[in-house]
Amino acid sequence: MGGNHYQTNEVERIGFITRVQSFSACHRLHSKSLSDEENRKIFGKCNNPNGHGHNYKVEVTVRGKIDRITGMVMNLTELKQHIEEAIMIPLDHKNLDEDVPYFADVVSTTENVAVYIWDSLAKLLPPSLLYEIKIYETDKNIVVYRGE
């Protein structure tokens, strides 16, 4: 046999899987640690007292060994279920500041939404499988968080 076949004694292969999910939510960028004037100056129109909304797009990427028997890094059905629990149920069609306890004292920037999603998914996934959370707040504003 030639040397190009995938054999059981070969080096383990590492793969990345990305699942894309969209959700809609509203929020207001406002820090309780700043005065109203400072909040207006820093956050501008995003500090509107009535808030504003986004159609967020989230890319959840996991990284791990490609299992020799199943051929998978992880079962996509499980990943979809974890995304439903960590993203869709708590965040979709919600006011982030009012409906999500985490944001009671944390400014609901997209950076902090990425941290929230990371922390929520990390509790559900096997250790060190979660690789990256990428959130498109708009087509032009994108945040990446890798657990650091």
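Calculation rules
Residues numbered from 1 in each chain as written. Predicted model: local features only at pLDDT ≥ 70, side-chain atom pairs only at ≥ 80, totals over all residues. Heavy atoms only, no water. Pairing = 2+ DSSP bridges. Helix = DSSP H or I, 4+ residues; strand = E, 2+ residues; numbered from the N terminus. Contact = heavy atoms within 4.5 Å. Axes fitted to C-alpha atoms, helices over the stretch in contact; angles between N-to-C directions. Polar contact = N/O pair within 3.5 Å; in protein donor to acceptor, adjacent residues only side chain to side chain. UniProt positions renumbered as here; feature names shortened; annotations may be inferred. 1 Å grid on protein atoms, 1.4 Å probe; cavity = no way out; pocket = protein on both sides within 12 Å on 5 of 7 lines; lining within 4 Å.

**Student:** Got a minute to help me understand the sheet that holds strand S3 (residues 94-95) in this structure?
**Tutor:** Strand-to-strand pairing in sheets goes through backbone hydrogen bonds, with the strands running parallel or antiparallel. What the five strands build is an open sheet, ordered S3-S1-S2-S4-S5; its pairing is mixed. In this open sheet, the two strands that pair with only one neighbour each are S3 and strand S5 (142-145). With six bridges joining them, strand S2 (residues 52-65) and strand S4 (residues 130-136) adopt antiparallel strand pairing. Bridge pairing in S4 places Lys57 opposite Tyr136. Along the sheet face, helix H4 (residues 110-122) touches strand S1 (14-27), S2, S4 and S5 and points at about 145 degrees away from the line of S4.

**Student:** What is the right way to look at the side chain of Glu59 in this model?
**Tutor:** Within the fold, Glu59 resides in strand S2. Here the side chain of Glu59 touches Tyr136 through a polar contact of 3.4 Å, side chain to side chain. Contacts of Glu59, omitting those with residues within four sequence positions, involve Thr18, Arg19, Val20, Glu132, Ile133, Lys134 and Tyr136.

**Student:** Got a minute to help me understand unusual backbone geometry in this structure?
**Tutor:** Most of the time, phi is negative for any residue but glycine, and the peptide bond is trans. One non-glycine residue, His93, adopts positive backbone phi at about 55 degrees. Mapped onto the secondary structure, His93 falls in the loop between helix H2 (76-91) and S3.

**Student:** Please clarify how the UniProt feature "binding site: Zn(2+)" (unreviewed entry) in the protein should be interpreted in this entry.
**Tutor:** The UniProt record marks His27, His52 and His54 with the feature "binding site: Zn(2+)" (unreviewed entry), using the residue numbering of this structure. Across 28 residues, the annotated set stays spatially compact, with a maximum C-alpha separation of 8.5 Å. None of the other annotated residues line the largest pocket; only His27 do. Looking at where His52 falls in the secondary structure, it is placed in strand S2. Leaving out residues up to four positions away in the same chain, His52 has contacts with Ala25, Cys26, His27 and Cys46.

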